[in-house]
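Chain by chain, the residues:
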Amino acid sequence: MRKKIIAGNWKMNGQTSSINTLLDELKELTPNTENSINIIFPPAIYLQQVKEALSATSFKWGGQNTYPQDKGAYTGEISTVMLRDMGCQYVLVGHSERRHIFAENEKIIAEKFHHVKEHGMIPIVCIGETLEQREQGQTESILKSQLLSLVEADSRCFNNSVIAYEPVWAIGTGKTAYPEQIGEVHQYIRNLVASVNKEDAESTAIIYGGSVTEKNASALLASADIDGVLVGGASLNAQQFVEIITCIN
Ligand code: PGA
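All figures in this text were calculated on a predicted structure; none of them were measured in a lab.

1. Examining the pairing of strand 1 (residues 4-9)
Right, so step 1: Buried residues dominate strand 1, accounting for 6 of its 6 residues.
Right, so step 2: The side-chain alternation of strand 1 yields two buried faces, one formed by Lys4, Ile6 and Gly8 and the other by Ile5, Ala7 and Asn9.
Right, so step 3: Where strand 1 lies against strand 2 (residues 36-41), 6 bridges are found, and the strand directions are parallel. For asparagine 9, the partnering residue across the bridge sits in strand 2 and is phenylalanine 41.
Right, so step 4: Handedness of the crossover is the feature at issue here: the chain leaves strand 1, passes through helix 1 (residues 16-29), returns alongside strand 2, and the resulting connection is right-handed.

Shown next as structure tokens:
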């Protein structure tokens, strides 16, 4: 059985002292976790702090974004190589905030995705439809285009990668999709991955994100179709995040 993934995306939140407190609380409250892989995505400038605090724990950490060049004249960017240097094992790619606020298109997202893989880390690629697209019955075609744009360069691209289904209308809104609704979409995604490569369909983790809290996590994680959760707001509160981890441990 695939281990469930519990990922906390801190987005652009926290400062040295609040992050220290959060890390101390996470260390103190988190039980032994045999059934989950727990990952924190801090703002990149605090990765060193997170690395120092969590390296003796079972927590893993990752980058919220990357730039698909090893180094060079890319003012303001952080490269995949630098993330690896900070001990990151995972990198979020194509989060809806990157797609919508920063206008990232499928081409740059695919470049980031492959760059992360080439450097031996695991991309968590975020895909999802807007409310308007869902209401117009376009959910499947949107997800298909977001996923297949990754395949062009490599038909084994889903091997050693994670897909996060995050309906845009559920992110930060308090509106979570129902487990059945998510299960249906996850089955669609898994079939799509199978159509690209049968073997990868079995091993690829498909997780859900969008207003996941300690209140709805156990119902979501109980579903065999949901391999984990990507948590935004609730991951900034150690007690709530640990409750989510504890649901399955
Ligand atoms: P949320 O964010 O849990 O605050 O809705 C999820 C995400 O953006 O990954």
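Resuming the write-up.
2. Let's talk about helix 1
Right, so step 1: Between its terminal C-alpha atoms helix 1 stretches 20 Å, which fits the 20 Å expected from 14 residues at 1.5 Å a residue.
Right, so step 2: Of the positions making up helix 1, those classed as buried are Ile19, Leu22, Leu23 and Leu26. End-on, the buried residues of helix 1 take up no more than an arc of 100 degrees, which puts them together on one face. Among the exposed residues of helix 1, those pointing more than 90 degrees away from its buried face are Ser17 and Glu28.

3. Quick word on helix 2 (residues 47-54)
Right, so step 1: All of the buried residues along helix 2 are Leu47, Gln49, Val50, Ala53 and Leu54. Buried residues in helix 2, looked at end-on, bunch into an arc of 160 degrees, giving them a common side.
Right, so step 2: Buried residues in helix 2 make contact with helix 1, strand 2, strand 3 (60-63) and helix 3 (80-85).

4. Points about the nonpolar core
Right, so step 1: The biggest cluster of nonpolar side chains holds 59 residues, and the ones touching the most others in it are Ile163, Ile189, Tyr208 and Ile244.
Right, so step 2: Among the elements that take part in this core, helix 8 (residues 179-196) stands out by supplying 6 residues, more than any other.
Right, so step 3: With residues near it in sequence (within four places) discarded, isoleucine 189 still touches Ile127, Leu143, Leu147, Ile163, Tyr165 and Ile206.
Right, so step 4: Of all hydrophobic cores here, the second largest spans 14 residues; its members include Ala7, Ile124, Cys126 and Ala205.

5. Quick notes on the site of the ligand
Right, so step 1: If you check the shell around the ligand, you find 14 residues, and the closest are Lys11, His95, Glu166, Gly172 and Ser211.
Right, so step 2: A distance of 2.7 Å separates an oxygen atom of the ligand from a polar side-chain atom of lysine 11.
Right, so step 3: One of the backbone N or O atoms of glycine 232 is found 2.8 Å from an oxygen atom in the ligand.
Right, so step 4: In isolation the ligand has 280 Å² of accessible area, and contact with the protein removes 94% of it.
Right, so step 5: The pocket occupied by the ligand, as judged from atoms lying within 2 Å of grid points, is the second largest pocket.
Right, so step 6: Across the shell around the ligand, the residue classes tally to 5 nonpolar, 7 polar and 2 charged.

6. Observations concerning the layout of surface pockets
Right, so step 1: Its volume calculated, the largest pocket comes out at about 580 Å³.
Right, so step 2: In terms of residue class, the lining of the largest pocket is built from 10 nonpolar, 7 polar and 4 charged.
Right, so step 3: For the lining of the second largest pocket, a count of residues per class yields 5 nonpolar, 10 polar and 2 charged.

7. Overview of unusual backbone geometry
Right, so step 1: Phi is positive for lysine 11, close to 50 degrees, though the residue is something other than glycine.
Right, so step 2: Tracing the backbone through its elements, the reader meets lysine 11 in the loop between strand 1 and helix 1.

8. What about the sheet that holds strand 3?
Right, so step 1: The strand order around the closed barrel built from 8 strands is 1-2-3-4-5-6-7-8, with neighbouring strands paired in parallel fashion. When strand polarity is set aside, the average angle formed by the axes of neighbouring strands in this sheet is 25 degrees.
Right, so step 2: The pairing of strand 6 (residues 162-165) with strand 7 (residues 205-209) spans 4 bridges and is classified as parallel. Of the residues in strand 7, the one forming a bridge with alanine 164 is isoleucine 207.
Right, so step 3: Relative to strand 3, helix 2 is tilted by about 170 degrees, and along the sheet it contacts strand 2 and strand 3.
Right, so step 4: The strands that helix 7 (residues 139-151) touches are strand 5 (122-127) and strand 6; relative to strand 5, the one it contacts most, it runs at about 150 degrees.

Quick notes on the rules
- Residues numbered from 1 in each chain as written.
- Predicted model: local features only at pLDDT ≥ 70, side-chain atom pairs only at ≥ 80, totals over all residues.
- Heavy atoms only, no water.
- Buried < 20%, exposed > 50% of the residue type's maximum accessible area, 1.4 Å probe, protein only.
- Helix = DSSP H or I, 4+ residues; strand = E, 2+ residues; numbered from the N terminus.
- Pairing = 2+ DSSP bridges.
- Right-handed = clockwise from strand over helix to strand, strands pointing away.
- Expected span 1.5 Å × (residues − 1).
- Arc of directions from axis to C-beta.
- Contact = heavy atoms within 4.5 Å.
- Core = buried A, V, L, I, M, F, W, Y, C linked by side-chain atoms within 4.5 Å.
- Near = heavy atom within 4 Å.
- Polar contact = N/O pair within 3.5 Å; in protein donor to acceptor, adjacent residues only side chain to side chain.
- Areas by Shrake-Rupley, 256 points an atom, 1.4 Å probe, with all protein chains shown as cover.
- 1 Å grid on protein atoms, 1.4 Å probe; cavity = no way out; pocket = protein on both sides within 12 Å on 5 of 7 lines; lining within 4 Å.
- Sits in = over half its atoms within 2 Å of the grid points.
- Nonpolar A, V, L, I, M, F, W, Y, C, P; charged D, E, K, R; others polar.
- Points joined across faces, edges and corners; volume = space filled by probe spheres on them.
- Axes fitted to C-alpha atoms, helices over the stretch in contact; angles between N-to-C directions.

By themselves, these are just geometric observations and shouldn't be taken as functional.
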